[in-house]
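Fold and geometry: a report
Residue-level listing of the chains:
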Amino acid sequence: MALQASFLPSALSVHKEGKSSSGVKDTAFLGISLSDHHKSDFTSASLRTKRSFEQKKLSITRAETTAVASPSINRATTEGKKTLRKGTVIITGASSGLGLATAKALSDTGKWHIVMACRDFLKAERAAKSVGMAKDSYTVMHLDLASLDSVRQFVHNFRRSDMPLDVLVCNAAVYFPTAREPTFTADGFELSVGINHLGHFLLARLLLDDLNKSDYPSKRLVIVGSITGNTNTLAGNVPPKANLGDLRGLAGGLTGLNGSAMIDGDHFDGAKAYKDSKVCNMLMMQEFHRRYHEETGISFTSLYPGCIATTGLFREHIPLFRLLFPPFQKFITKGFVSEAESGKRLAQVVSDPSLTKSGVYWSWNKDSASFENQLSEEASDAEKARKVWEMSEKLVGLA
Ligand code: NDP
Ligand code: PMR
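Here is a short report on the structure shown in this document. Since we're looking at a predicted model, the values are computed, not measured.

1. Digging into the packing of helix α8 (residues 270-296) against helix α11 (residues 382-395)
How two helices pack is summed up by the angle between their axes together with the distance between the axes. Interaxial distance between α8 and α11 falls to 9 Å at its minimum, and their mutual angle equals 95 degrees. Classed by the angle they form, the pair α8 and α11 counts as roughly perpendicular. Contacts from Cys280, Leu283, Met284, Glu287, Phe288, Arg290, Arg291 and Tyr292 in α8 reach Ala382, Ala385, Arg386, Val388, Trp389 and Glu390 in α11.

2. Brief notes about helix α9 (residues 319-333)
Over its 15 residues, α9 extends 20 Å from the first C-alpha to the last, a length consistent with the 21 Å expected when each residue adds 1.5 Å. Along α9, the helix axis deviates most sharply at Pro327, where the bend reaches about 30 degrees. The set of residues buried in α9 consists of Phe321, Phe325, Pro326 and Gln329.

3. Things to note about the pairing of strand β9 (residues 220-224)
Of all five residues that make up β9, five are buried, and the element is covered over most of its length. Here β9 shows two buried faces, one formed by Arg220, Val222 and Val224 and the other by Leu221 and Ile223. Relative to β9, strand β8 (residues 167-170) runs parallel, the two being bridged by four bridges. Opposite Val167, over in β9, you have Arg220 as the bridge partner. Between β8 and its parallel partner β9, the chain crosses via helix α6 (residues 191-213), and the hand of that crossover is right-handed. Where β9 lies against strand β10 (residues 299-303), five bridges are found, and the strand directions are parallel. From the neighbouring strand, Val224 faces β10, where its bridge partner is Leu303.

4. Description of the site of ligand 1
Neighbouring ligand 1 are 32 residues; Ser95, Lys123, Asn171, Tyr274 and Thr311 lie closest to it. Contact between ligand 1 and Asn171: an oxygen atom at 2.6 Å from a main-chain N or O atom of the residue. One nitrogen or oxygen atom from the side chain of Lys278 is found 2.9 Å from an oxygen atom belonging to ligand 1. In the complex, 98% of the free accessible area of ligand 1, which totals 900 Å², lies under the protein chains. When contributions to the shell around ligand 1 are tallied by element, the ones reaching two or more residues are α3 (97-109) and α8. In the shell around ligand 1, the residues fall into 16 nonpolar, 10 polar and six charged.

5. Structural notes on the pairing of strand β11 (residues 360-364)
Across the five residues that make up β11, a large majority, five, are buried. The two faces of β11 match: Val360, Trp362 and Trp364 on one face and Tyr361 and Ser363 on the other face are all buried. One ladder, built from three bridges, connects β11 with strand β12 (residues 370-372); its direction is antiparallel. Looking across to β12, one finds that Trp362 is bridged to Glu372. Here β11 folds back onto β12, and the loop between the two strands holds five residues, one of which, Ser368, carries a positive phi near 60 degrees.

Reading the values: the criteria
Residues numbered from 1 in each chain as written. Chains lettered and ligands numbered in written order. Predicted model: local features only at pLDDT ≥ 70, side-chain atom pairs only at ≥ 80, totals over all residues. Heavy atoms only, no water. Axes fitted to C-alpha atoms, helices over the stretch in contact; angles between N-to-C directions. Helix = DSSP H or I, 4+ residues; strand = E, 2+ residues; numbered from the N terminus. Parallel < 35°, antiparallel > 145°, perpendicular 65-115°, else oblique. Contact = heavy atoms within 4.5 Å. Expected span 1.5 Å × (residues − 1). Bend = angle between axes of the 7 residues up to and from the residue. Buried < 20%, exposed > 50% of the residue type's maximum accessible area, 1.4 Å probe, protein only. Pairing = 2+ DSSP bridges. Right-handed = clockwise from strand over helix to strand, strands pointing away. Near = heavy atom within 4 Å. Polar contact = N/O pair within 3.5 Å; in protein donor to acceptor, adjacent residues only side chain to side chain. Areas by Shrake-Rupley, 256 points an atom, 1.4 Å probe, with all protein chains shown as cover. Nonpolar A, V, L, I, M, F, W, Y, C, P; charged D, E, K, R; others polar.

Structure follows, in structure tokens:
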């Protein structure tokens, strides 16, 4: 089967320098050393990878067939008035956390068909069911952002489905705060920047044409950012701080072989790699805006949804961190938001008619009112954005 041939090899993420449990570093949260928990965390991560690969094999056939089911497009007339057809939104990483909560919020409006672009088909199916999404409000399609082949295959499958594309949400992410050594995507990029930035960059570039063809009143590309990539905030000043430096590691392909696995060319640090990837996400949103907003009318936006301290993003962190982080954010920083609340926020950026402005990084105040936030100096550096764009184009095979 042709699809299978191109899916299977690309579903693997290779470890180039990872050396089993020794690749996990000691970490402290609030000054407590917590290294004892690492071994069990690492083992369960390996098991998860194996299981997820096996589940992927299972899901291919179903993903292929489900992908061709079109959403019911509502062009009916009510009392002579034309009603808007359902919008179609692709959300990457919709199988948990923010992505799932957003899918649920949009599904509940009855006005959206959600394409859940996920690496684990069965998990996504179960997640949609578990939150009570109406069966005809979503389609699960396979996407593994850790493989450029998979990204291209996803775009191919999506186009075959004949659905329009009105909004694309680049939401999926991974975070490896305790890793001592980098791990790599199928194409050899350090995993967090590879998934969070490069995979999404290729996806968004390829789907730009599809978005452009949409006749929906407001077409949008949303790339999820974060406060921790912004060094103009307290949260962004918690070490290690995001810093892309002179981009020499990115220029070298983040392979960790002849060069560095880090964008700035320095030694590997998993927490920093995540924050750097978020800076790339916010830079790319602005670069898309500069290059394409005027020509296409597409709105390009980013956001910080609040600290959703309970999500799977922290799954690779030590158990004590996962225990203390939610109360710390709830009672000390007061930055905590529930998954449901964060989903409503991202759903607003997808669909609210008052949030159409392009080139904006949205945040919410304590009363959950949205406002245009300021990005840090680095996250709004236009020259750096241009360079990251051009280097990323080369790495993903667009230039
Ligand atoms: P979750 O871990 O709950 O969700 C991340 C999603 O990304 C999961 O669905 C996961 O799939 C998916 N994913 C991971 N790797 C891949 C891949 N290779 N291909 C496709 N999908 C993949 O975390 P959150 O909901 O917290 O994170 C969502 C977004 O919110 C991220 O962009 C994050 O940076 C951002 N954010 C989160 C904050 C927070 O406090 N949690 C704060 C600010 C921003 P699977 O279910 O299969 O693992
Ligand atoms: Mg942070 C207003 C203060 C604030 C906010 C809103 C966050 C959000 N954090 C704040 C402050 C602090 N944090 C302080 C003072 C500390 C030192 C004790 C602290 C620590 C901390 C750690 C160890 N915070 C973290 C971590 C993580 O591992 C999380 C991270 O950086 O993931 C990349 C994190 C976060 N804090 C946040 C948010 C939203 C996160 C998750 C980051 C993200 O998804 O971008």
